[in-house]
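Below are the chains, spelled out letter by letter.
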Number of protein chains: 2
Amino acid sequence: MDRSKVLAALSALANDKRFELVCLLMPLGETGLSAGEIGRHLGMTSSRLSFHLAALEQAGLIRSRRVSRKVFYMADLRGLGQTIGSLLRDCCMDHPEVRACCQPPAPGAIAPKAPARGPER
Amino acid sequence: MDRSKVLAALSALANDKRFELVCLLMPLGETGLSAGEIGRHLGMTSSRLSFHLAALEQAGLIRSRRVSRKVFYMADLRGLGQTIGSLLRDCCMDHPEVRACCQPPAPGAIAPKAPARGPER
DNA sequence: TCAAATACTCAACAATCATTGAACTATCGA
DNA sequence: TCGATAGTTCAATGATTGTTGAGTATTTGA
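Below: a short report on this structure.

Cut-offs used in this document
- Residues numbered from 1 in each chain as written.
- Chains lettered and ligands numbered in written order.
- Predicted model: local features only at pLDDT ≥ 70, side-chain atom pairs only at ≥ 80, totals over all residues.
- Axes fitted to C-alpha atoms, helices over the stretch in contact; angles between N-to-C directions.
- Helix = DSSP H or I, 4+ residues; strand = E, 2+ residues; numbered from the N terminus.
- Parallel < 35°, antiparallel > 145°, perpendicular 65-115°, else oblique.
- Contact = placed C-beta atoms within 7 Å.
- Nonpolar A, V, L, I, M, F, W, Y, C, P; charged D, E, K, R; others polar.
- Buried ≥ 20, exposed ≤ 12 C-beta atoms within 10 Å, placed from the backbone.
- Pairing = 2+ DSSP bridges.
- Least-squares fit on C-alpha atoms with pLDDT ≥ 70 in both.
- Core = buried A, V, L, I, M, F, W, Y, C linked by C-beta atoms within 7 Å.
- Near = placed C-beta within 6 Å.

1. Observations regarding the packing of helix α3 (residues 35–42) of chain A against helix α4 (residues 46–58) of chain A
Residues and elements named next belong to chain A. Running from N to C, α3 and α4 cross one another at 105°; their axes reach a closest spacing of 10 Å. Our classification of the angle between α3 and α4 gives roughly perpendicular. Residue-level contacts link Ala-35, Ile-38 and Gly-39 of α3 to Ser-46, Leu-49 and Leu-53 of α4. Along the lines of polarity and charge, the residues of the contact of α3 with α4 split into four nonpolar, two polar and no charged.

Spelled out as structure tokens, the structure:
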């Protein structure tokens, strides 16, 4: 993933409404949600929503699928993964200390909490 | 790490010059680089650079240390890690397919190699 | 074919961000 | 103390982004 794409994806994500939008779509998988539903969830007018959806789709962070009248939007897992992966690799050079903050919750552990100086979340 | 901090960090990173700046500082560790040197590397006037440095420091992505006349800047590994970690966890909900794109290059032990390659471009 | 429902595009305006150059603070060495 | 060096702050300007409301497709069902 080249730098301009990463920057575009970061720009797209660095917005309140769009970040919320991705978070909303994330757990819905391939089913996604129609534009109208998204607008109702996030309290956006259709034109404003359309603008944000276009920005996210352009950046490769969401995809869309038309079903009769409705357009369903869903998170683009690959785009999101590649963006985050580029940050880790190309920008942070896979530094162990950066990676340490990104580990999944330890399986079996009760609370994946604070080693000594405790990374807040 | 709360959402507004993540958004601030993403905004700060979503800029050509600032992204490049973090990439430049990353391999230099705690030593960092003085503002003047950074300006020379990236071809920025001092006031422009100062503006960008302040934005990154404010966002918690770099830190600074004054040594007599000079101010040295270094990457804030924890801030970077927390930002990326928040993206993975809070936004992408630790989805396996997203994580799969972020795996370190070499399977097995993570070699803490210090990539001493110069700044690109 | 028409009206309703769904979503998108566009132009105008407002808000935010980036750049510049000048003025400023702080430190060093003579 | 002075002048030189290293950085920062500020106001003005230009560029980019976000919002709004009106208007424009498309699809569906009567």
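2. Looking at unusual backbone geometry
Not every positive phi belongs to a glycine, and A:Met93 is a case in point at roughly 50°. Inspection of the secondary structure puts A:Met93 in the loop between α5 (77–91) and α6 (96–100). A:Met93 gets classed as partly exposed once you count the C-beta atoms within 10 Å, which come to 16. Of note in this structure, B:Asp94 is not a glycine but carries a positive phi near 55°. Structurally, B:Asp94 is set in the loop between α5 (77–91) and α6 (96–100).

3. Structural notes on the pairing of strand β3 (residues 70–75) of chain A
Within a regular beta strand, the side chains point alternately toward one face of the sheet and then the other, so they alternate between its two faces. All names here are of chain A. Where strand β1 (residues 33–34) meets β3, two bridges bridge the pair, whose relative direction is antiparallel. Bridge assignment links Leu-33 to a residue of β3, and that residue is Tyr-73. The sheet contact formed by strand β2 (residues 62–67) and β3 spans six bridges and is antiparallel. Bridge pairing in β3 links Ser-64 to Tyr-73. Between β2 and β3, which pair antiparallel and follow one another directly, the connecting turn spans two residues, one of which, Ser-68, has a positive phi of 50°.

4. Some details on the relation of the copies chain A and chain B
The transform that puts chain A on chain B rotates by 180° and translates by 0.0 Å along the axis, for an RMSD of 0.0 Å. One copy is carried onto the other by what is essentially a two-fold rotation axis. The residues that chain A uses at the interface reappear at the interface of chain B in 89% of cases, marking a shared surface.

5. A short note on the nonpolar core
Grouped together as the largest cluster of nonpolar side chains are 60 residues, with contacts concentrated most on A:Val22, A:Leu61, A:Ile84, B:Val22, B:Leu61 and B:Ile84. Not counting residues within four places of it along the chain, the set of residues in contact with A:Leu61 comprises A:Ala9, A:Ala12, A:Leu13, A:Val22, A:Leu56, A:Asp76, A:Gly79 and A:Leu80.

6. Considerations on the protein's contact with DNA strand C
Neighbouring residues of DNA strand C: 20 residues in total, closest A:Ser34, A:Gly36, A:Ser47, B:Ser47 and B:Ser68. Mapped onto the surface near DNA strand C, the elements with two or more residues apiece are α3, α4 and β3 of chain A together with α4 (46–58) of chain B. With five residues, α4(A) is the largest single contributor of residues to the surface near DNA strand C. The residue makeup of the surface near DNA strand C, split by class, is five nonpolar, ten polar and five charged.

7. Observations regarding the protein's contact with DNA strand D
Lining the immediate environment of DNA strand D, one finds 21 residues, of which A:Ser47, A:Ser68, B:Ser34, B:Gly36 and B:Ser47 sit closest. Those elements giving two or more residues to the surface near DNA strand D turn out to be α4 of chain A together with α3 (35–42), α4 and β3 (70–75) of chain B. If you tally residues by element for the surface near DNA strand D, the top one is α4(B), at six residues. Grouping the constituent residues of the surface near DNA strand D by class yields seven nonpolar, nine polar and five charged.

8. Overview of the sheet that holds strand β1 (residues 33–34) of chain B
Strand-to-strand pairing in sheets goes through backbone hydrogen bonds, with the strands running parallel or antiparallel. All names here are of chain B. Read across the sheet, three strands follow the order β1-β3-β2 without closing on themselves; strand pairing throughout is antiparallel. Strand pairing shows two members of the sheet lacking a second neighbour, β1 and β2 (62–67), which therefore form its edges. Seen against the sheet, helix α2 (residues 16–25) touches β1, β2 and β3 and runs at an angle of roughly 90° to β3.

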